[in-house]
Number of protein chains: 2
Amino acid sequence: MTTVNRRDPLRLGMSRSRETAVVPGHVTGFFSAHPATRAAAAGSRGAGVTLSTGVTVTVTPTDAATSLALNGEPTSVGAVADVLDALGVRARVEMTTDLPVGAGFGVSGAAALGAAMAANAAADCGRSENDLVRIAHEADVERGTGLGDVVAQARGGVPLRLEPGAPQYGSLDGIPASPRVEYVSFGPLSTADVLAGDTDRLSAAGTDALDRVTDDPRLETFMAASRAFAERANLLSPPVEAAIDAVSAAGGSAAMAMLGQTVFALETGLSDAGYDPHVCRTHPSGARLLRDDSAADESIAVQ
Amino acid sequence: MTTVNRRDPLRLGMSRSRETAVVPGHVTGFFSAHPATRAAAAGSRGAGVTLSTGVTVTVTPTDAATSLALNGEPTSVGAVADVLDALGVRARVEMTTDLPVGAGFGVSGAAALGAAMAANAAADCGRSENDLVRIAHEADVERGTGLGDVVAQARGGVPLRLEPGAPQYGSLDGIPASPRVEYVSFGPLSTADVLAGDTDRLSAAGTDALDRVTDDPRLETFMAASRAFAERANLLSPPVEAAIDAVSAAGGSAAMAMLGQTVFALETGLSDAGYDPHVCRTHPSGARLLRDDSAADESIAVQ
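Source: prediction; values computed, not measured.

Criteria and cut-off values
- Residues numbered from 1 in each chain as written.
- Chains lettered and ligands numbered in written order.
- Predicted model: local features only at pLDDT ≥ 70, side-chain atom pairs only at ≥ 80, totals over all residues.
- Heavy atoms only, no water.
- Helix = DSSP H or I, 4+ residues; strand = E, 2+ residues; numbered from the N terminus.
- Buried < 20%, exposed > 50% of the residue type's maximum accessible area, 1.4 Å probe, protein only.
- Contact = heavy atoms within 4.5 Å.
- Areas by Shrake-Rupley, 256 points an atom, 1.4 Å probe, with all protein chains shown as cover.
- Core = buried A, V, L, I, M, F, W, Y, C linked by side-chain atoms within 4.5 Å.
- Salt bridge = Lys/Arg side-chain N within 4 Å of Asp/Glu carboxyl O.
- Pairing = 2+ DSSP bridges.
- Axes fitted to C-alpha atoms, helices over the stretch in contact; angles between N-to-C directions.
- Parallel < 35°, antiparallel > 145°, perpendicular 65-115°, else oblique.
- Left-handed = near helix turned anticlockwise from the far one by under 90°.
- Nonpolar A, V, L, I, M, F, W, Y, C, P; charged D, E, K, R; others polar.
- Phe/Tyr/Trp six-rings, centres within 6.5 Å; stacked < 30°, edge-to-face > 60°.
- Polar contact = N/O pair within 3.5 Å; in protein donor to acceptor, adjacent residues only side chain to side chain.
- Arc of directions from axis to C-beta.
- Expected span 1.5 Å × (residues − 1).

Caption draft 1: Fine view of the overall build of chain A. Helix and strand counts for chain A come out as nine helices and twelve strands. In chain A, buried positions account for 56% of the 303 residues. Across chain A, contacts joining residues at least 24 apart in sequence account for 76% of those joining residues at least 6 apart. Accessible area for chain A stands at about 11,400 Å²; split by element, carbon and sulfur atoms hold 47% of it.

The structure is reproduced here in structure tokens:
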């Protein structure tokens, strides 16, 4: 009887050699910083939009030393190394993205979360979704590369970060909409430097902005609150300020991605202002594993 | 200057005549019932799988009386009527689904959640995602048609309902996997009748099952715990029991959808046992609005 060896045919969770996760980019419109002794409890409150453009992370467990590559080039990403350590996995990690690094798109958080999800699947670590989000959030916070991207990227859509921290501490809501998103980037801005500075003024402005949006969870209000935050935050470089002003003059609404020299607008805001932006939309699902077979795809009745 | 009239071009949230939401089906493998005075705090703990086959709900606000249709035929769904009342919207509601009604697929919850999301968008109600989930959950609970489908359907994937209730009360986690799902249905079972009976034994078995799965959040454990729950729950009709046994004999793992005369299996469990099942997969994103334009779709880099 061959069935003796087939008693448990659900080999879904068992070790496979290679797994891929896709994680949306995330631009934050406004935030307040909330440090805490435990990294899982630390984070930010605020709001942003997740992007259909994101980071693809493929993890292949190995007996050799862990190695990382970004768009085919060797690299190091502290948060990704920390995630693998937390899971006890050594692996080759291949990351690809069309997003600029260090420009406010949450690439480090996406890389950490994608690595957590793909490593868990590839090495059959048996962690839950919340646990993987926590591990990636802790790594991003401890490396000083992000405070709230990971939890937003796990959710997708237009996330509101009501309370800071990983799932067991934090609390999320969302604006129920899926707009087109346009963005232009003028270069990086160091998250670590800004967060190491005086964040009190930033956080007061961020709290005000979140109050506005929770009172009226509409896209218009989110964009207006984000624009007001960008003005109060005093982080606008000349090209960023010029782009935001140009979109306003064209009748649109733009804001700055926190933290990067990046301007984002909904629908055709930047195009209408004469820019040649990257175009994507909000991400419908948040981070997820890619299936390595698509046998059942034809039967998907729900888009 | 025409821009004077275009100061706020984000007409995304403003009233549109017709909006559509798609909501996954959901089969519960095991649960414990947790009544509460407030419907938002009531619900179930447990686990299940969301399905790529679901319910599509189109809402068109009207000045006439609210009317509902399911697959083109006039119908009444108490939870949907309650959702529209809660939002103060009168509308024509058109629901379509390939799922059997009353057979444990959470069709009532999906209809309620889809109506909430589509009505909010169509009538510009300005509610947040959590608020819409709460309204649909309350309606499903108060009508006795479901205790935990709505929160699971909002999340997608393989949701674990750690604590009962709408978002401000409940707590979710998930098994990070996206298996193929097969199901066969042998007819309805009244949720209201079962829940009106003695649920103590059910709930003790459900609590045990959830402990197993939170200790080891893998698909194999979920299926084993669900099968054990189905046996202890004493709700197995002969064809359901025969199908579960046949899948086991073929080396697979099947369980009963709570509450319906429905058997589900992962991957090819029912096919291997000689059944001709419906085939779908887990739903990657949970409930969401359909965009009525797809201009930005080509730019989606993340699958």
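Caption draft 2: Layout of the nonpolar core. With 87 residues, the main nonpolar core has Phe-30, Leu-51, Val-83, Val-93, Met-95, Phe-222 and Phe-264 of chain B as its most contacted residues. Ranked by residues supplied to this core, first place goes to helix α2 (residues 107–122) of chain B with twelve residues. Contact partners of Val-83 of chain B, with chain neighbours within four places excluded, come to Ala-112, Ala-115, Ala-116, Ile-135, Ala-136 and Ala-139 of chain B. Core analysis: the next-biggest nonpolar cluster, separate from the first, contains 86 residues, Phe-31, Leu-68, Leu-160 and Ala-243 of chain A among them.

Caption draft 3: Seen up close, the pattern of salt bridges. Residues and elements named next belong to chain A. Tallied over the entire structure, the rule returns 22 salt bridges over all chains. With its nearest N and O atoms 2.7 Å apart, the salt bridge here joins Glu-182 to Arg-180. The pair Glu-182 / Arg-180 is uniform in exposure class, with both members buried. The network of salt bridges with common partners includes Arg-127, Asp-131, Arg-134 and Glu-138.

Caption draft 4: Summary view of the sheet that holds strand β10 (residues 262–266) of chain B. Residues and elements named next belong to chain B. Within the open sheet, the four strands sit side by side as β9-β10-β8-β11. Their pairing is antiparallel. Of all the strands in the sheet, the pair left with one neighbour each is β9 (254–256) and β11 (278–281). Within this sheet the neighbouring strands show an average axis-to-axis angle of 30 degrees, counted without direction. Pairing of β9 with β10 involves three bridges; the strand directions are antiparallel. Paired with Met-256 across the bridge in β10 is Val-263. Each of β9 and β10 touches helix α7 (residues 219–233); the most contacted strand, β9, lies at about 45 degrees to it.

Caption draft 5: How the structure looks around the packing of helix α6 (residues 200–215) of chain A against helix α7 (residues 219–233) of chain A. All names here are of chain A. Taken N-terminus to C-terminus, the directions of α6 and α7 make an angle of 165 degrees; their axes are 9 Å apart at the nearest point. By the angle between their directions, the pair α6 and α7 is classed as roughly antiparallel. In this structure, α6 crosses over α7, and the sense of that crossing is right-handed. On the side of α6, the interface is formed by Arg-201, Leu-202, Ala-204, Ala-205, Gly-206, Asp-208, Ala-209, Arg-212 and Val-213, while α7 contributes Thr-221, Phe-222, Ala-224, Ala-225, Ala-228, Phe-229, Arg-232 and Ala-233. Looking at the contact of α6 with α7 residue by residue, the class counts come to eleven nonpolar, two polar and four charged.

Caption draft 6: Here's a closer look at the packing of aromatic side chains. Residue and element names in this part refer to chain A. Tallying each qualifying case throughout the model produces ten aromatic pairs over all chains. For the pair Phe-30 and Phe-222, a centre-to-centre distance of 6.2 Å together with 50 degrees between the ring planes defines the contact as tilted. A residue pair is termed long-range when its members are at least 10 positions apart, and Phe-30 in strand β1 (residues 19–34) and Phe-222 in helix α7 qualify at 192 residues. Phe-222 carries the same exposure label as Phe-30, and that label is buried.

Caption draft 7: Just the packing of helix α2 (residues 107–122) of chain A against helix α3 (residues 129–142) of chain A, in detail. All names here are of chain A. Taken N-terminus to C-terminus, the directions of α2 and α3 make an angle of 145 degrees; their axes are 9 Å apart at the nearest point. Considering how the two elements wind past one another, α2 and α3 form a crossing that is right-handed. Between α2 and α3, the residues in contact are Ser-108, Gly-109, Ala-112, Leu-113, Ala-116, Met-117 and Asn-120 and Leu-132, Val-133, Ala-136 and Asp-140, respectively. Of the residues in the contact of α2 with α3, the class split is seven nonpolar, three polar and one charged.

Caption draft 8: Highlighting unusual backbone geometry. Residues and elements named next belong to chain A. At the junction of Met-258 and Leu-259, the peptide bond is cis and its omega measures out at 10 degrees in the coordinates. Position of Leu-259 among the secondary structure elements: in the loop between β9 (254–256) and β10 (262–266). A positive phi is found at Asn-71, a non-glycine position, where the angle reads about 50 degrees. Note on Asn-71: relative accessible area 43%, which makes it partly exposed.

Caption draft 9: Highlighting the sheet that holds β10 of chain A. Residues and elements named next belong to chain A. Overall, antiparallel pairing links the four strands, which are arranged β9-β10-β8-β11 in an open sheet. In this open sheet, the two strands that pair with only one neighbour each are β9 and β11 (278–281). Taken over all neighbouring pairs, the strand axes of this sheet differ in orientation by 30 degrees on average, direction set aside. In this sheet, β11 lies alongside strand β8 (residues 180–185) in antiparallel orientation, the contact comprising four bridges.

Caption draft 10: View of the environment of Asn-234 of chain B. All names here are of chain B. When you line up the elements, Asn-234 lands in the loop between α7 and α8 (238–249). For Asn-234, a relative accessible area of 63% gives the class exposed. Note: C-alpha distance between Asn-234 and Ala-103 (131 residues apart in sequence) is 17 Å.

Caption draft 11: View of the side chain of Ser-32 of chain A. Residue and element names in this part refer to chain A. By the secondary structure assignment, Ser-32 is in strand β1. Residue Ser-32 is classed as buried on the basis of its relative accessible area, which comes to 1%. In this structure the side chain of Ser-32 is engaged in a polar contact, spanning 2.7 Å, whose partner is the side chain of His-34.

Caption draft 12: Representation of helix α1 (residues 78–87) of chain A within the structure. Residues and elements named next belong to chain A. By the burial criterion, the buried members of α1 are Ala-79, Val-80, Val-83, Leu-84 and Leu-87. All buried residues of α1 lie within an arc of 135 degrees about the axis, which places them on one face of the element. Along its buried surface, α1 packs onto β3 (67–70), β5 (91–97), α2 and α3. Positioned one or two residues after α1, Gly-88 has a phi angle of 70 degrees, which is positive.

Caption draft 13: Region of the structure containing the environment of Glu-241 of chain B. Take Glu-241 of chain B: it is sitting in helix α8. With 144 residues separating them in the primary sequence, Glu-241 of chain B and Thr-97 of chain B have C-alpha atoms 26 Å apart.

Caption draft 14: Structural detail: helix α3 (residues 129–142) of chain B. Between its first and last C-alpha, α3 of chain B extends 20 Å over 14 residues, near the 20 Å set by a 1.5 Å rise per residue. Counting buried residues in α3 of chain B gives twelve out of 14 residues, a clear majority hidden from the surface. Buried within α3 of chain B are the following residues: Asn-130, Asp-131, Leu-132, Val-133, Arg-134, Ile-135, Ala-136, His-137, Glu-138, Ala-139, Asp-140 and Val-141 of chain B. Those residues of α3 of chain B that are buried are in contact with α4 (149–155) and β7 (171–175) of chain A together with β2 (43–61), α1 (78–87), α2 and α4 (149–155) of chain B. Looking at the residues trailing α3 of chain B, positive phi occurs at Gly-144 of chain B, about 70 degrees.

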